[in-house]
Amino acid sequence: MDIKQYIKEKFLLLDGGMGTLLQSAGLTPGEYPEKWNITRPEIIKKIHGDYLAAGSRVISANTFGANCLKFDCDELEQIIKAAMKNARAAIAECGDKEDRFVALDIGPTGKLLRPLGDFDFENAVEVFAKTVRLGAKYGADLIILETFSDSYETKAAVLAVKENCDLPLIVTNAYGSDGKLMTGATPAAMVAMLEGLRVDAIGANCSLGPKQLRGVVEELLLNASVPVVLQPNAGLPRVESGKTVYDVDSEEFSSDMLDFAKMGVRVLGGCCGTTPEYIEKTARKLVGLVPLPLSEKNITCVSSYTHALRFDKQPILIGERINPTGKKRFKQALMENDIDYILGEGINQQEKGVHILDVNVGLPDIDEPSMLCRAVTELQAVTDLPLQIDTSNTCAMERALRLYNGKAMINSVSGKAESMDAVFPLAAKYGGLIVALTLDENGIPETAEGRVEIARKILARASEYGIRAKDIIFDTLAMTVSADNKAAIATLGALRTIKNELGCHTSLGVSNVSFGLPHREVINSTFFALALENGLSAAIMNPYSADMMKTYYAFRALGGMDDNCADFIEFAAALPDEKAQATAAQTVPEENYASELQKAIIKGLRDRSSELCRALLEKTAPLDVVQNEVIPALDVVGQGFEAKKVYLPQLLMSADAAKAAFEEVKSFMLRDGSEKVSKFPVVIATVKGDIHDIGKNIVKLLLENYGFEVIDLGRDVPPENVVAAVLESKAPLAGLSALMTTTVPAMEETIKQLRASAPDCKIIVGGAVLTREYADKIGADYYAKDAMEAVRYADSLK
């Protein structure tokens, strides 16, 4: 049976942990487990065979870390070829060969992608593509992407799969105890993006035990229309008698998995610490249980790298200010490549309360595809709002959609055949919520009925590309009433019919209605209210307009959408007096920041931070700039991160902005002959056998910004190299990182050698597989659950 059909009819049982079993079989610290496909094939085949005997329908080849960053091309091919051969041999030797499948298993690269890291998105796509092509060549039945903790790297891997084979694709992400990915994405955000990319099943694996992932699973089931997957760890690890063990036994695990199956999970397996015994007991408990039917959730949404934004009863505000039309200063910024001005417009609109940012950089004299890509990627680094990619240039649209981290709003398509043939293939490939204009080759119909008929045509054509009505939002086109006093009536009539009869959401560029009239804000805000009453879902509008915002908050309060009118009261309290209101439309809001430099650092504006710091150094002592400006700004962001109000990308961009300020301080002090700013040295490394260095690199960046001298040894570092660096630098602190269970013994060995050769050096450890108890057992002084904890600990040693 085809695996897609199998999932539709039955539970699909995956296998469990591989690394734990390889360690038990003698895998040494720092040894690459993928090489055992060639050097110890009998052990790999036995593990596969044991899982098959336990009831696994899918066995994952031993290829989790098989990529061209870790192995050269020839070795990579031999490893994947051998891995597939071992899995096939295990199936051939099992008693029941029917409906058994081999998955090419792909894990993350361990790198953070630009603009947050130093690895290019397209380079990541190609790294994964090389592994995908080999897996398909040597007979994989499906591909499983697992343990990804970054939505952007997940997208790169999905595109690599989709562009290089036609195999079924399962994607599982590693969620933390806060129910989010390391870079901030919620399960709903991942569902929005991954369903848009048309993966076949979506879920969670690793990090935590079954009970701790319950909230994640509930959110996945609430939002996903495709099958949901769960592969938890056997709880949390600890060390007993020198061996790593987990705190959830097979009986508890299988009982929990049965509960999840009854909730609606269809694809089940295990991750770290699980063994064939766990899978066997799960299989037994599933006997006789019928999966809950899959259901189309019919959710209209967009997403950013942190959250999904659902179009429902609450009206959505789309900020219109990142657009050169009628904006002389914005045109100038585009011509001068002034990205900080563009980012500032995004930040200011977010502070005014918009939910989505429209991004249009179309000018005749610039390279629109390049500028749009830059604006999209850099805006996503400083704001977590979803973006509306607004362009008539399909080349620019495709490049921006490809790089967008999430599910974007696409502005726009029309009822013209040429437009639909250009835009729908892009939406089908990359996902997105498409703004559909109710016009076609004959122009804009004067009547509501004519516009509705075009909407029907667009829906029919979209379905040919597999695009559902939930992913189309109609713009019924606000025309100026100064030219036709019936124009607003037609717009509102079409809006109402599309909402009520076609069941689709709607959007309008509200301000178009008032062109050529005096006191445009009066017309705009009244038309906005009428449109909302007729079912308008979203408005592209100017959030600096007091009248428009008054209408928005008043409508929500009157429509039962604002509990206790709390939002309206807060908004009203901040309104200017009557005299100030006359210029409110031209006033950009400011939050309370201690200084412009601190704001630039907090918001992650690197160039602006450099510029302001240079100016400040002309009148302020360098150390005062560091202590009174840079460090306090970093503390604001760090405290927000620790409180789960700021996400990793924002933390990193703020750190990058602070780094730019620090560079100005260092340059000034070098010219001035002043004393150095840096504190004591810290040696950091990812341990032997582990190539994942995202966490380490984040810690490095933050430590440097807090003034520490960081000696970064890189990844896959032998214990003796860490010891040598500590002794040479006389570092009082060493930081060690490990992502995989198979490399924790190498961390323990490194700690052992440090204790013997540098007993005064404090040791801090971190990584997805560690806990505080585990860190204590292997001899570390401190366990940091995230980068800010590492900084706080280092600061405590001053």
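Being a predicted model, the structure only gives us computed values, none of them experimental. Note on numbering: residues in each chain are counted from 1, in written sequence order. Reporting of local features is limited, given that this is a predicted model, to residues whose pLDDT is at least 70; pairs of side-chain atoms are given and counted only at 80 or more, and all residues count toward the totals for whole chains, interfaces and linings. To obtain the side-chain values, all non-hydrogen atoms of the structure were used and water was disregarded.

## Observations regarding the side chain of Ser514
For the record, the criterion: Elements are defined by DSSP. Helices are runs of H or I of four residues or more, strands are runs of E of two residues or more, and each kind is numbered from the N terminus. By the criterion applied in these results, polar contacts are pairs of N or O atoms within 3.5 Å in which, for protein atoms, one can donate a hydrogen and the other can accept it, and in which residues neighboring in sequence qualify only through two side-chain atoms. We call two residues in contact whenever any of their non-hydrogen atoms come within 4.5 Å of each other.
Relative to the assigned elements, Ser514 resides in the loop between strand 19 (505–509) and helix 19 (520–533). Polar contacts involving the side chain of Ser514 include one to the side chain of Arg520, which spans 2.7 Å. In this structure the side chain of Ser514 is engaged in a polar contact, spanning 2.7 Å, whose partner is the side chain of Asn524. When sequence neighbours within four positions are dropped, the list of residues in contact with Ser514 reads Thr480, Arg520, Ile523 and Asn524.

## Quick notes on the domain arrangement of the protein
To be explicit about the condition: Segmentation of the chain into domains, including their bounds, is taken from an automatic or database domain assignment. Accessible area that two parts lose when put together, evaluated with a 1.4 Å probe and summed over both, is termed the buried area. In what follows, salt bridge is the name for a side-chain nitrogen of Lys or Arg lying within 4 Å of a carboxyl oxygen of Asp or Glu. Amino acids are sorted into nonpolar (Ala, Val, Leu, Ile, Met, Phe, Trp, Tyr, Cys and Pro), charged (Asp, Glu, Lys and Arg) and polar (every other residue, Gly among them).
According to the domain assignment, the protein contains domain 1 (3–286), domain 2 (301–575), domain 3 (583–672) and domain 4 (681–796). With centres defined by C-alpha atoms, the gap from domain 1 to domain 2 works out at 39 Å. Between domain 1 and domain 2, the contact holds 23 residues from the first and 26 residues from the second. Each partner contributes to the roughly 1,700 Å² buried at the junction of domain 1 and domain 2, and carbon and sulfur atoms together form 46% of this total. Of all residues in domain 1, the largest losses of buried area upon contact with domain 2 belong to Tyr152, Lys155 and Arg198, amounting jointly to 27% of the total for that side. Viewed at the interface, domain 2 and domain 1 are joined by 4 salt bridges. A salt bridge links Glu163 to Lys429, with the shortest nitrogen-to-oxygen separation between them at 2.8 Å. Run the count over domain 1 and domain 2 and you get 15 residue pairs in polar contact (both at pLDDT 80 or more). Listing elements by their share of the side of domain 1 that touches domain 2, those giving two or more residues are helix 6 (121–137), helix 7 (151–164) and helix 8 (187–196). Examining the composition of the side of domain 1 that touches domain 2, we find that 6 residues originate from one element, helix 8, more than from any other. Taken together, the residues of the side of domain 1 that touches domain 2 break down into 11 nonpolar, 7 polar and 5 charged.

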